[in-house]
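Coordinates in review
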Amino acid sequence: MHVLDASAFIHEYHTSEPMASIPMVQAELEDEHAYRFDAMEGAGMHIHIPDSETVERVERAAAKAGDGETLSETDVRLLAAAFELDGTLVTDDYAMQNVAEKLDVRTEVIAREGIEEQRDWLFQCQGCGREFEDDADRCPVCGSPLTRKNPSNA
């Protein structure tokens, strides 16, 4: 089962495998891309609504990977659908690919190259420069904002 992100409809993705998506993806699409979603649904594409427990599991994995703030609600639910359906997530979104690897969900890219490595982001204080593994709005030491930092550049 291939679980399709909005980019699959935008880039006219085709496969002979069974396909699925979620209603929130349709809401992101406009014009001919929305019509493509409707046509594929009419042709048998499965529309899946993931369980809330699976959504929470994806949110925990995203937070642990440092991508919790990056993923939209649609992204989280799409990852949850791919997880539940034991499917291949079709997306060009790097953050989704990173979290999918954490969940052992296969991915397929469409128009861009896939991620080269899985990352567990670090968070660096903009004031005192300290680094933290957990994401927060503010530094617990000095109160300055934290920004996401690539651990490869540490």
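It should be emphasised that the depicted structure is a prediction, and the values quoted were computed from it without experimental measurement.

Quick look at the packing of helix H4 (residues 52-65) against helix H5 (residues 73-84) now. Remark: H4 packs on H5, axes separated minimally by 9 Å, with the N-to-C direction vectors making an angle of 115 degrees. On the basis of their axis angle, the class for H4 and H5 is roughly perpendicular. As H4 runs across H5, the sense of the crossing is right-handed. Here Thr54, Val55, Arg57, Val58 and Glu59 of H4 lie close against H5, whose contacting residues are Val76, Arg77, Leu79, Ala80, Phe83 and Glu84. For the contact of H4 with H5, a count of residues per class yields six nonpolar, one polar and four charged.

Turning to the nonpolar core, a few remarks are in order. Grouped together as the largest cluster of nonpolar side chains are 35 residues, with contacts concentrated most on Leu4, Phe9, Val25, Leu71, Leu79, Leu89 and Val99. Looking at this core, the elements with two or more residues in it are strand E1 (2-4), helix H1 (6-10), strand E2 (19-21), helix H3 (31-42), H4, H5, strand E4 (88-90) and helix H6 (94-102). With six residues, the single largest contributor to this core is H5. The contact partners of Leu89, leaving out residues within four places of it in the chain, are Val3, Leu78, Leu79, Ala82, Met96, Ala100, Val105, Arg106, Thr107 and Glu108. Counting residues in hydrophobic clusters, the runner-up holds five residues, among them Trp121, Phe123, Cys125 and Cys139.

Together, Asp51, Glu53, Glu56 and Glu59 give the surface a local cluster of negative charge. Of note, Glu59 is situated in helix H4. Exposure remark for Glu59: the relative accessible area of 42% places this residue in the partly exposed category.

This part is about the side chain of Thr88. Among the structural elements, Thr88 can be located in strand E4. Here Thr88 falls in the buried class, since its relative accessible area comes to 12%.

So, about unusual backbone geometry. If you check the backbone angles, Glu12 has positive phi at about 55 degrees while not being a glycine. Here Glu12 lies in the loop between H1 and E2. Residue class for Glu12 comes out partly exposed when judged on its relative accessible area of 44%. The backbone phi angle of Asp31 is positive, close to 50 degrees, even though this residue is not glycine. Relative to the helices and strands, Asp31 resides in helix H3.

All right, on to the sheet that holds E2 then. Taken together, the five strands give an open sheet; going across it, the order is E3-E2-E1-E4-E5, and neighbouring strands pair in parallel fashion. Every interior strand has two partners, whereas the edge strands, strand E3 (46-47) and strand E5 (106-108), have only one. As judged from the two bridges shared by E1 and E2, these two strands associate in the parallel manner. Bridge pairing in E2 links Val3 to Ala20.

Each value, and the rule that gives it
- Residues numbered from 1 in each chain as written.
- Predicted model: local features only at pLDDT ≥ 70, side-chain atom pairs only at ≥ 80, totals over all residues.
- Heavy atoms only, no water.
- Axes fitted to C-alpha atoms, helices over the stretch in contact; angles between N-to-C directions.
- Helix = DSSP H or I, 4+ residues; strand = E, 2+ residues; numbered from the N terminus.
- Parallel < 35°, antiparallel > 145°, perpendicular 65-115°, else oblique.
- Left-handed = near helix turned anticlockwise from the far one by under 90°.
- Contact = heavy atoms within 4.5 Å.
- Nonpolar A, V, L, I, M, F, W, Y, C, P; charged D, E, K, R; others polar.
- Core = buried A, V, L, I, M, F, W, Y, C linked by side-chain atoms within 4.5 Å.
- Buried < 20%, exposed > 50% of the residue type's maximum accessible area, 1.4 Å probe, protein only.
- Patch = residues over 30% accessible without salt bridge, like charges linked within 9 Å, V, L, I, M, F, W, Y side chains within 5 Å.
- Areas by Shrake-Rupley, 256 points an atom, 1.4 Å probe, with all protein chains shown as cover.
- Salt bridge = Lys/Arg side-chain N within 4 Å of Asp/Glu carboxyl O.
- Lys, Arg positive; Asp, Glu negative; His and termini not counted.
- Charge placed at Lys NZ, Arg CZ, Asp CG, Glu CD.
- Pairing = 2+ DSSP bridges.

Read these as geometric descriptors, not functional statements.
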